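Chain residues, written in single-letter form:
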Amino acid sequence: MKQTTQIGATLEKAISLALQKLGHSRDQVDVEVLQEGKKGFLGFGARPAEVRVTVKEVVQLKVNEETAEQPVIVEKQQQTATENLEDESNYLKDDQPIHQELLAEVDPIEEAKKYLTSIVEPMGITDLSIEHTSDGKNVSFKLSSEKAALLIGKRGYTLNALQQVTQLMLNKTAKSFMILQMDVEDYRERRQVALEQLAERMADKATYTRKPVAFEPMASYERKIIHNALANRLDIETYSEGVEPNRYLVIEPIQ
């Protein structure tokens, strides 16, 4: 019996490597999934896939004397975990179309909630509560958890990442494009107030020292908050420099 065990970043990768080792095509082997791969999220819960691939045997069946012997390929008729994962992967791919008849049965907001809940579980967040409101194409998620700090992350980086991937999921099942705004226990409002206060202090510093003042890299919507907060000041100008995700804002005094 020709057989090999192989690991890979995904099930498809592990199977492909095993086929190369054995020198056979996919329809000539049986695949046993020992461990399904998992990408994880933000570094949490990632694990490789592992499969055992066995070349199918050709069995000579003995028949009665009136019938000539003939080779028969014995195939196992079972659906593997690989096939299940491929179906799920196809459903989530950006370039995979979703049939219109399925859209009528799926609530995109509820699907997005389920997806968000599943990707924060590897972070140890099992008590996530999500309240939503919608107004046309705009959807708002209000999150709450005893581990709110983990959901927010340093300067909101984790929250921004969660919002981005959840919006992608939302628009996979929505009939028209939707814009998601996500918040955790009013963090965004508190962050805006803090940024506006910081903007005034840094503007005063720039005019006092007569030198440009640069902020650390920020998300585009946070840079916009600072731009707007200082829009009416005539003694300074603001502009952004750098390339995403390291783009930052500069306050320069007007000489």
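Procedures and definitions
Residues numbered from 1 in each chain as written. Predicted model: local features only at pLDDT ≥ 70, side-chain atom pairs only at ≥ 80, totals over all residues. Heavy atoms only, no water. Salt bridge = Lys/Arg side-chain N within 4 Å of Asp/Glu carboxyl O. Helix = DSSP H or I, 4+ residues; strand = E, 2+ residues; numbered from the N terminus. Buried < 20%, exposed > 50% of the residue type's maximum accessible area, 1.4 Å probe, protein only. Pairing = 2+ DSSP bridges. Axes fitted to C-alpha atoms, helices over the stretch in contact; angles between N-to-C directions. Contact = heavy atoms within 4.5 Å.

Enquirer: An account of the pattern of salt bridges is requested, with residue identities and associated values reported.
Expert: Evaluated as defined, the whole model comprises 10 salt bridges. Salt-bridge contacts for Lys142 lead to Asp183; the nearest nitrogen and oxygen are separated by 3.9 Å. Here Asp183 lies in strand β8 (residues 179-184) and Lys142 lies in strand β7 (residues 138-144), a separation of 41 residues in the sequence. Note that Arg155 and Glu216 form a salt bridge whose closest N and O atoms lie 2.4 Å from each other. In this pair, Arg155 is assigned in the loop between α5 (148-152) and α6 (157-173) and Glu216 in the loop between β9 (213-214) and α8 (220-229), connecting sequence segments 61 residues apart. With a relative accessible area of 33%, Glu216 lands in the partly exposed category. Linked through salt bridges whose partners overlap, the residues forming this network are Glu200, Asp204, Arg233 and Asp235.

Enquirer: How would you summarise the sheet that holds strand β11 (residues 248-253) if you had to cite specific residues and measurements?
Expert: The strand order across the open sheet built from three strands is β9-β11-β10, with neighbouring strands paired in antiparallel fashion. The open sheet has two edge strands, β9 and β10 (236-241), and neither has a second partner. Relative to β11, β10 runs antiparallel, the two being bridged by six bridges. By the bridge assignment, Glu241 is partnered in β11 with Tyr248.

Enquirer: Mind laying out the sheet that holds strand β2 (residues 29-35), listing which residues take part and the relevant values?
Expert: Within the open sheet, the three strands sit side by side as β1-β3-β2. Their pairing is antiparallel. If you trace the sheet from one side to the other, it starts and ends with β1 (3-8) and β2, each paired once. Taken pair by pair, the neighbouring strands of this sheet meet at an average axis angle of 25 degrees, ignoring direction. Of the pairings in the sheet, the one linking β2 to strand β3 (residues 49-55) comprises six bridges and is antiparallel in character. Pairing of Asp30 across the sheet is with Thr54, part of β3. Across the sheet, helix α1 (residues 11-22) touches β1, β2 and β3, and the angle it forms with β1 is around 145 degrees.

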